[in-house]
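Listed below are the residues making up each chain.
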Amino acid sequence: MNFFSSNFKLGILGGGQLGKMLLYETRKWDIWTKVLDASEKAPCKISCNEFVKGSLLDFDTVYNFGKDVDVLTIEIENVNVDALEKLENEGIQVYPPTKALRTIQNKATQKLFYTDHNIPTAPFSRFAYTSEIKDSLSNGGIKLPFVWKSAQFGYDGQGVKVVRKKEDLEGLPNVECIAEDMVDFKNELAVIVARNTQGEVSTYPVVEMEFHPEANQVEYVICPARIPENIAAKAKEVALSVSKNMEHVGLLAVELFQTQDDDILVNEVAPRPHNSGHYSIEASYTNQFEQHIRAILGLPLGKTGSKVAGIMVNLVGAEGHTGEVVYENIATILEMDGVTPHIYGKKQTRPFRKMGHVTIVDEDIAKARQVAQKVKETIKVISK
């Protein structure tokens, strides 16, 4: 099939920043794109060939959107999988496949998948409703502390809470959830696995993630991770096992814990380009967005190695600021060597909303980390 400067149509469910960065690559190759998003102001709107406003969770909207595209992919997991399955059965190529997406959409189902396939993960208990947890605590079924996770619709730290005492359960939504044992870890790591429609597989270098203590959001992604080679090899091995068993197509970002005993446990996965791979735009031979396009179109995968060390700093809305966004001190960070800001195009900011990211590249990872700290302290995402 001819994808370039042709009648081929690629559909993307979701019009946020990940979709916008995918569109950088489709425009580079002149691939025709159609995007569905619920917001008229979605970042993707200015870059696609056709934009459709509508709910990603509505069966008819998703089904009708996908009927006239050749390949359909996602930039967010919270989409109507029943509609995707119908499209898949009618001959539309859907990546990731709906079987993999169903597993990943629900964190309880995802955790059971790891258990069933002997993939190492933290022990957990599954509950139909949050209200059942108190009884389990009283009866000794689970013990404090633990991590509460909503089974569905969690993202960017939402739907996750550390529960240290019974009172911490107050105010949590009464939904299907899991209670996961706290993991005593040295590092939070991630590996992005790429798999194309021919079954060709490659992995990006292991990255290290540093999280905001309150928002439970990634603040820094460091590539390569500052870990021994044998630990990196173990992390890649576990990530490849997840990929093989899920039989995904496209990218699979596998988030991992490195325990104090140097075991590797799977935290969760995302079947799409991921925050942990943003550094690749400046630092890698093939960035993650181009790689996703290559994979879902059945093209040869690109080289995943890094040309230079890279660190990504998330730009999120400052606490106490809601409204029309202002980026303070961008000119100042542009004076620093190796610094590239990416602004996502969201006009309204709020506390901890992802508004952009900054990549810092350098041959010396330690120097790049120092610059990243300076960037974090300098640039501010505030409201007017």
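This text follows the structure it describes.
Please read all numbers here as calculations on a predicted model, not as lab measurements. (Residues numbered from 1 in each chain as written. Predicted model: local features only at pLDDT ≥ 70, side-chain atom pairs only at ≥ 80, totals over all residues. Heavy atoms only, no water.)

(A) Broad picture of the sheet that holds strand S1 (residues 9–13). Strand order in this open sheet of 5 strands is S3-S2-S1-S4-S5, and the pairing throughout is parallel. Two strands bound the open sheet, and with one partner strand each, they are strand S3 (50–53) and strand S5 (93–95). The average undirected angle you get between the axes of adjacent strands in this sheet is 20 degrees. Pairing between S1 and strand S2 (residues 32–37): 5 bridges, direction parallel. (Pairing = 2+ DSSP bridges. Helix = DSSP H or I, 4+ residues; strand = E, 2+ residues; numbered from the N terminus. Axes fitted to C-alpha atoms, helices over the stretch in contact; angles between N-to-C directions.)

(B) Representation of helix H1 (residues 17–28) in the model. Between its terminal C-alpha atoms H1 stretches 17 Å, which fits the 16 Å expected from 12 residues at 1.5 Å a residue. Counting buried positions along H1 yields 9 of 12 residues, so the element is predominantly enclosed. Listed in full, the buried residues belonging to H1 are Gln17, Leu18, Gly19, Lys20, Met21, Leu22, Leu23, Glu25 and Thr26. In this fold, the buried residues of H1 make contact with S1, S2, helix H8 (280–283), helix H9 (288–296), strand S18 (339–343) and strand S20 (354–362). Note on H1: the residue one or two positions beyond its end, aspartate 30, has a positive phi of about 55 degrees. (Expected span 1.5 Å × (residues − 1). Buried < 20%, exposed > 50% of the residue type's maximum accessible area, 1.4 Å probe, protein only. Contact = heavy atoms within 4.5 Å.)

(C) Region of the structure containing the pattern of salt bridges. Counted according to the given criterion, the structure contains 23 salt bridges. One salt bridge connects aspartate 82 with arginine 102, and the closest N-O pair in it is separated by 2.6 Å. Separated by 20 residues along the polypeptide, aspartate 82 in helix H3 (residues 81–89) and arginine 102 in helix H4 (residues 98–105) bring together distant segments of the chain. You can call aspartate 82 partly exposed: its relative accessible area is 42%. Across the salt bridge formed by lysine 149 and glutamate 268, the nearest N and O atoms sit 3.8 Å from each other. (Salt bridge = Lys/Arg side-chain N within 4 Å of Asp/Glu carboxyl O.)

(D) Layout of the side chain of arginine 195. Within the secondary structure, arginine 195 is located in strand S10 (residues 185–195). With no salt bridge to any partner, buried arginine 195 finds its closest opposite charge in glutamate 247, at an N-O distance of 7.5 Å. Among residues more than four places away in sequence, those in contact with arginine 195 are Glu200, Val201, Ser243, Lys244, His248, Val249, Gly250 and Ala295. (Lys, Arg positive; Asp, Glu negative; His and termini not counted.)

(E) Structural view of H4. The element H4 is extensively covered by neighbouring structure, given that 6 of its 8 residues are classed as buried. Taken as a whole, H4 has its buried residues at Thr98, Ala100, Leu101, Thr103, Ile104 and Gln105.

(F) Broad picture of the sheet that holds strand S9 (residues 177–181). The sheet built from 4 strands is open, its strands ordered S6-S9-S7-S8 with antiparallel pairing. Sheet topology places strand S6 (124–127) and strand S8 (160–163) at the edges, where each strand pairs with a single neighbour. Along the sheet, successive strands turn relative to each other by an average axial angle of 20 degrees, direction set aside. As judged from the 5 bridges shared by strand S7 (residues 146–150) and S9, these two strands associate in the antiparallel manner. For serine 150, the partnering residue across the bridge sits in S9 and is cysteine 177.

(G) Main features of the packing of aromatic side chains. Per the stated rule, a full pass over the model turns up 6 aromatic pairs. An angle of 15 degrees between the planes, with centres 6.1 Å apart, marks the rings of phenylalanine 59 and tyrosine 63 as stacked. Taken as a pair, phenylalanine 59 and tyrosine 63 lie in helix H2 (residues 59–66) at a separation of 4 residues, close to a single helical turn. Residue class for phenylalanine 59 comes out partly exposed when judged on its relative accessible area of 30%. Overall, the relative accessible area of 14% leaves tyrosine 63 in the buried class. (Phe/Tyr/Trp six-rings, centres within 6.5 Å; stacked < 30°, edge-to-face > 60°.)

(H) Here's a closer look at the environment of alanine 295. In this fold, alanine 295 is placed in helix H9. For alanine 295, a relative accessible area of 0% translates into the label buried. Through-space distance from the C-alpha of alanine 295 to that of alanine 108 is 28 Å; in sequence the pair is 187 residues apart. Apart from the residues within four sequence positions on either side, alanine 295 is in contact with Arg195, Asn196, Thr197, Val249, Gly250 and Leu301.

(I) Structural detail: the pairing of strand S12 (residues 207–211). Relative to S12, S10 runs antiparallel, the two sharing 3 bridges. Looking across to S12, one finds that leucine 189 is bridged to glutamate 208. With 4 bridges connecting them, S12 and strand S13 (residues 218–223) associate as antiparallel partners. When the bridges of S13 are listed, methionine 209 appears paired with valine 221.

(J) Quick look at the side chain of glutamate 290. Counting through the fold element by element, glutamate 290 comes out in helix H9. What makes glutamate 290 buried here is its relative accessible area of 9%. Polar side-chain contacts of glutamate 290 include one of 2.8 Å to the side chain of arginine 294. With residues near it in sequence (within four places) discarded, glutamate 290 still touches Glu25, Lys28 and Trp29. (Polar contact = N/O pair within 3.5 Å; in protein donor to acceptor, adjacent residues only side chain to side chain.)

(K) Local environment of the packing of H3 against H4. Where H3 meets H4, the axes come as close as 10 Å, and the angle between the chain directions of the two elements is 170 degrees. Taken together, the axis directions place H3 and H4 in an arrangement best described as roughly antiparallel. Contact residues: H3 offers Val81, Asp82, Leu84, Glu85 and Glu88, while H4 offers Thr98, Leu101, Arg102 and Gln105. Taken together, the residues of the contact of H3 with H4 sort by class into 3 nonpolar, 2 polar and 4 charged. (Parallel < 35°, antiparallel > 145°, perpendicular 65-115°, else oblique. Nonpolar A, V, L, I, M, F, W, Y, C, P; charged D, E, K, R; others polar.)

(L) Summary view of the environment of lysine 380. Relative to the assigned elements, lysine 380 resides in strand S21 (residues 380–383). Remark: the alpha-carbon pair of lysine 380 and glycine 11, spanning 369 residues in sequence, is separated by 35 Å. If we ignore the near neighbours within four places in the chain, the residues touching lysine 380 are Val326, Tyr327 and Glu328.

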